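Single-letter residue listing:
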Amino acid sequence: MNLIPADRLSAALALAVVTLSAVGCSRSSDEPVYANLAAAEKIRVALGGEAGAVEEVAATGTGWATLKGKFTFDGDPPTMPPYGVNKDQATCAPGGQAPLQQYLLVDPNSKGIANVVVFARKASRVHEGSGPKTDSILFDQKVCLFLTHVQGMTTGQSLDIRNSDNVGHNTNISGQNGFNQTIASGATTPFLVKKEEAAPVPVRCSIHPWMLAYLLPRSNTYFAVTAEDGSFEIPNLPAGEKLEIQVWHENAAGGNGALFVNTPEGKKLNWSNKGRFIVTLEENEERDLPIVVPAAAFGG
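Basis of the calculations
- Residues numbered from 1 in each chain as written.
- Predicted model: local features only at pLDDT ≥ 70, side-chain atom pairs only at ≥ 80, totals over all residues.
- Heavy atoms only, no water.
- Helix = DSSP H or I, 4+ residues; strand = E, 2+ residues; numbered from the N terminus.
- Buried < 20%, exposed > 50% of the residue type's maximum accessible area, 1.4 Å probe, protein only.
- Contact = heavy atoms within 4.5 Å.
- Areas by Shrake-Rupley, 256 points an atom, 1.4 Å probe, with all protein chains shown as cover.
- Pairing = 2+ DSSP bridges.
- Disulfide = S-S within 2.5 Å.
- Axes fitted to C-alpha atoms, helices over the stretch in contact; angles between N-to-C directions.
- pLDDT = per-residue confidence, 0-100.
- Phe/Tyr/Trp six-rings, centres within 6.5 Å; stacked < 30°, edge-to-face > 60°.
- Salt bridge = Lys/Arg side-chain N within 4 Å of Asp/Glu carboxyl O.

Q: I'd like to hear about the overall build of the protein, residue by residue, with values.
A: Counting secondary structure elements, the protein contains four helices and 16 strands. Buried residues in the protein amount to 41% of all 300 residues. Long-range contacts, defined here as pairs at least 24 residues apart, represent 67% of the contacts in the protein between residues at least 6 apart. Surface accessibility of the protein: about 15800 Å² in total, with carbon and sulfur atoms responsible for 52%.

This is the structure:
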């Protein structure tokens, strides 16, 4: 039988006493007891276990790498119908032409899919240039549309919400940050984003209910929104360790906007129906992922 050395046992017992002291003796029998993972980790290490077993995300690699790619639509690009403009027509439908909806924008030439959101769900390390930003981002409204349909940003940044129309708008941001304010014609209102979201949240106007955009606040810049040609790039990701990448699109057939690509390319990445895949990048690598998305991956 292997015996625990006396000095290690003493250290473990001391830690246990400190942990129990912190809990106290006044807890009633009806109160729930929660595990103190940090204390448990220290006790387990003192007893000879390996460190890191209770860590949710542990750094295992070194260096940095880039993930980039392009999402293209497999099939004929869809035609977007006009918004159902039913008020302020002179401003919102100039010349009697309502703007087209934006729920699935496919470039007719390249077949690139715009507004696909790609981000690392968790990161064990964050590059010094990839942390929260402090500059402001313009979020404008014109012709009763949000000019940026999907906006990514970091916590700590200010969203300068502008109304460039000659009618008032009410900007209502869902989620943890909770903003709901009327923006007068020609006015700009700053809004400081403080909390991270696990997925893009809707932005609406209660005055003009067809207006819709999405906002994704993250704690770092490990995110991208595809351009008109479907391209994206996320630099300075942690290399040498597994990264779980989330892929979201507002019209995705999966739950909560999860874009599931069930193709040979997707299967190589173990792409799940939650819109996630795993990738491990080598140091200084620039991984390029050409992703062809079947029409069935989107809703009707």
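Q: Can you tell me about the sheet that holds strand β6 (residues 158–163), naming the residues and giving the values?
A: Spatial ordering of the open sheet is given by β4-β3-β6-β9, a layout of four strands whose pairing is mixed. Both edges of this open sheet fall to β4 (145–146) and β9 (188–192), since each of them pairs with a single strand only. Two elements, β6 and β9, share five bridges in a ladder whose sense is antiparallel. When the sheet's bridge partners are listed, R162 is paired in β9 with T188.

Q: Report on the state of the cysteines, specifying residues and quantitative values.
A: Applying the stated criterion across every chain, the model contains one disulfide. In this structure C205 is not part of a disulfide, and its nearest cysteine sulfur, from C144, lies 7.5 Å away.

Q: Tell me about the sheet that holds strand β1 (residues 64–74), and please be specific about residues and values.
A: Read from one edge to the other, the open sheet built from three strands follows the order β13-β1-β16, with strand pairing classed as mixed. Among the strands making up the open sheet, the edge pair consists of β13 (231–238) and β16 (286–294). The mean angle between the axes of side-by-side strands here comes to 20°, regardless of whether they run parallel or antiparallel. When β1 meets β16, the two strands line up parallel, connected through nine bridges.

Q: I'd love a proper account of the confidence of the model for the protein, names of residues and values included.
A: Here the protein averages 86 in pLDDT, and 81% of its residues register 70 or above. With pLDDT under 50 throughout, residues 1–6 is counted as low confidence; its partners more than four residues away or in other chains account for two contacts. Note on residues 8–55: pLDDT is under 50 here. Beyond four places in sequence and across chains, it has 30 contacts.

Q: Which residues make up unusual backbone geometry, and what are the values?
A: Look at D88: it is not a glycine, yet its phi comes out positive at around 50°. Topologically, D88 is positioned in the loop between β1 and α3 (89–92). For N284, which is not glycine, the phi dihedral falls at a positive 70°. Structurally, the position occupied by N284 is in the loop between β15 (276–280) and β16. Residue N284 is classed as exposed on the basis of its relative accessible area of 66%.

Q: Just give me the short version of the packing of aromatic side chains, but keep the residues and values in it.
A: Applying the stated criterion across every chain, the model contains six aromatic pairs. Centre to centre, the rings of F71 and F232 are 5.7 Å apart; their planes meet at 45°, and the pair counts as tilted. You can see F71 sitting in strand β1 and its partner F232 sitting in strand β13, a full 161 residues away along the chain. By relative accessible area, which is 0% here, F71 ends up buried. Given a relative accessible area of 6%, F232 falls into the buried group. Ring geometry for F179 and F191: centres 4.7 Å apart, planes at 40°, overall tilted. Placement of F179 in strand β8 (residues 179–183) and of F191 in strand β9 is noted, with a sequence separation of twelve residues between them. A single burial state applies to F179 and to F191, both of which are buried.

Q: Summarise the pattern of salt bridges; cite the residues concerned and give the values.
A: Tallied over the entire structure, the rule returns five salt bridges. Among the ionic pairs, K68 bridges to E286, the shortest N-O distance being 3.3 Å. Of the two residues, K68 is situated in strand β1 and E286 in strand β16; the sequence distance between them amounts to 218 residues. Using a relative accessible area of 24% as the deciding quantity, one classes K68 as partly exposed. Residue E286 is classed as exposed on the basis of its relative accessible area, which comes to 51%. A salt bridge links R287 to E285; the nearest nitrogen and oxygen atoms lie 2.5 Å apart.

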